[in-house]
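# Chains, contacts and geometry: an overview
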Amino acid sequence: LGIAADRFRCHKTFILAGCLLSSLSGFGMYFRYTPAGFLVFRALGGFAAATWVAFTVLYSSYFPAEKGPQAINMLNVANQAGRLLCFVLVAALVGRLGERSSFFLAGLAGLAAAVLCLFVRNSAPAGAPVRLQEVPGLLRDRNLLACTLLAVLTQVVAFSTYSGFVTNYAVD
C-alpha cells in the first residue's frame, strides 16, 4: 500500500479508505456479532491498519527531511496516547452499554476520522517514489532492517500490554 500511495501521490485517499474500512470493520462486528462476522470484519480492520503507512509518509512530508524522524516520533506518541485514551474511555462506556457496544463505538470513531481526513492537506513527499523493482535492494539495507525490527518490537510490546493479556490478568 505504501508503494502504491507513493507512486500515485494520493496518500490522503489511502488514509480516507483506511478510516472508512475501520468504520466498516467496527459496524460489521457490531451487526454481525458471530465468529464468522468477527473473522471477516477483523480482516477488514487489518487492511485499514495497513493504511497507517500512508499516514506516516504524508505526515512526515509536512516537515523538512532532517525533521522526519522527529515527526514520526511525535506521530507515534500521539498514536499510542490516543490508543490508551480510547482504551480507557471505551472500558468506561462498555461498563454501562455492554461489551458489544465497543464495536459500534469503533464504527463511529472511524466515521469521525473519515470526516477529519477531509480537512487533511495532501502533500507530495520529496523524492521519487520507490519502484517495485527496487524493493529487493531495500531489503539489503541494514539500517532499514534494524529500524523495521525495532518498529515491529515496539508494536509487539504495545499490543501485548494494553491490548493483550495484561488487561485480562488485571481483571483476574
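Everything here concerns the structure above.
Described below are features of the structure shown in this document.

Along the protein chain, the regular secondary structure elements total nine helices and zero strands. Expressed as a percentage of the 172 residues in the protein chain, the buried residues total 23%. When the accessible surface of the protein chain is totalled, it reaches about 11600 Å², and 71% of it is carbon and sulfur.

The subject of this paragraph is the nonpolar core. Counting residues in hydrophobic clusters, the biggest one holds nine residues: Ala5, Cys10, Phe14, Ile15, Cys19, Ala54, Leu58, Ala114 and Cys117. Looking at this core, the elements with two or more residues in it are α2 (11-31), α4 (52-60) and α6 (101-117). Among the elements that take part in this core, α2 stands out by supplying three residues, more than any other. What Cys19 contacts, discounting residues up to four positions off in sequence, is Gly110, Ala113 and Ala114.

Below, the discussion takes up the side chain of Thr56. As for its position among the elements, Thr56 is in helix α4. Look at Thr56 and you get buried, because its relative accessible area is 14%. Here Thr56 is in contact with Ile72 and Leu75, once residues within four sequence places are set aside.

Contact pair α2 / α6: the axes reach a minimum separation of 7 Å and the direction vectors enclose 160 degrees. It follows that α2 is roughly antiparallel to α6 by the angle criterion. As for how α2 packs across α6, the hand of that crossing is left-handed. Between α2 and α6, the contacting residues are Lys12, Ile15, Leu16, Cys19, Leu20, Ser23, Gly26, Phe27, Met29, Tyr30 and Phe31 on the first element and Phe103, Phe104, Ala106, Gly107, Leu108, Gly110, Leu111, Ala113, Ala114 and Cys117 on the second. Considered class by class, the residues forming the contact of α2 with α6 number 16 nonpolar, four polar and one charged.

Another point: the packing of α2 against α4. A packed helix pair is summarised by two numbers, namely the angle formed by the two axes and the spacing between the axes. Two numbers describe how α2 lies on α4: the axes approach to 8 Å, and their chain directions differ by 140 degrees. Classified by the angle their axes make, α2 and α4 are oblique. Where α2 crosses over α4, the handedness of that crossing is left-handed. Of α4, the residues touching α2 (which contributes His11, Lys12, Phe14 and Ile15) are Ala54, Phe55, Val57 and Leu58. Looking at the contact of α2 with α4 residue by residue, the class counts come to six nonpolar, one polar and one charged.

Below, the discussion takes up α6. With 17 residues, α6 should cover 24 Å at 1.5 Å per step; its first-to-last C-alpha distance of 24 Å lies within 8% of that length. Within the span of α6, buried status applies to Ser101, Phe103, Gly107, Gly110, Ala114 and Cys117. Buried residues in α6 make contact with α2, α3 (35-50) and α5 (68-97).

So, on to α5. Helix length check: α5, at 30 residues, gives a terminal C-alpha distance of 42 Å against a target of 44 Å (1.5 Å per residue), a fit within 8%. Buried within α5 we find Gly68, Ala71, Leu75, Asn79 and Val94. Packing partners of the buried residues in α5 comprise α4 and α6. Residue Gly98 follows α5 closely and has a positive phi angle near 95 degrees.

This model, assessed by the stated rule, comprises nine aromatic pairs. Consider the rings of Tyr33 and Phe38, whose centres lie 5.3 Å apart with planes at 90 degrees: the pair is edge-to-face. Judged by relative accessible area, Phe38 falls into the partly exposed class, the value being 29%. These aromatic residues form a ring-pair network of at least three members: Phe27, Tyr30, Phe31 and Phe104. The ring of Tyr30 has Arg100 lying over it, and the distance from NZ or CZ to the ring centre is 4.9 Å.

How each quantity is defined
- Residues numbered from 1 in each chain as written.
- Predicted model: local features only at pLDDT ≥ 70, side-chain atom pairs only at ≥ 80, totals over all residues.
- Heavy atoms only, no water.
- Helix = DSSP H or I, 4+ residues; strand = E, 2+ residues; numbered from the N terminus.
- Buried < 20%, exposed > 50% of the residue type's maximum accessible area, 1.4 Å probe, protein only.
- Areas by Shrake-Rupley, 256 points an atom, 1.4 Å probe, with all protein chains shown as cover.
- Core = buried A, V, L, I, M, F, W, Y, C linked by side-chain atoms within 4.5 Å.
- Contact = heavy atoms within 4.5 Å.
- Axes fitted to C-alpha atoms, helices over the stretch in contact; angles between N-to-C directions.
- Parallel < 35°, antiparallel > 145°, perpendicular 65-115°, else oblique.
- Left-handed = near helix turned anticlockwise from the far one by under 90°.
- Nonpolar A, V, L, I, M, F, W, Y, C, P; charged D, E, K, R; others polar.
- Expected span 1.5 Å × (residues − 1).
- Phe/Tyr/Trp six-rings, centres within 6.5 Å; stacked < 30°, edge-to-face > 60°.
- Lys NZ or Arg CZ within 6 Å of the ring centre and 35° of its normal.

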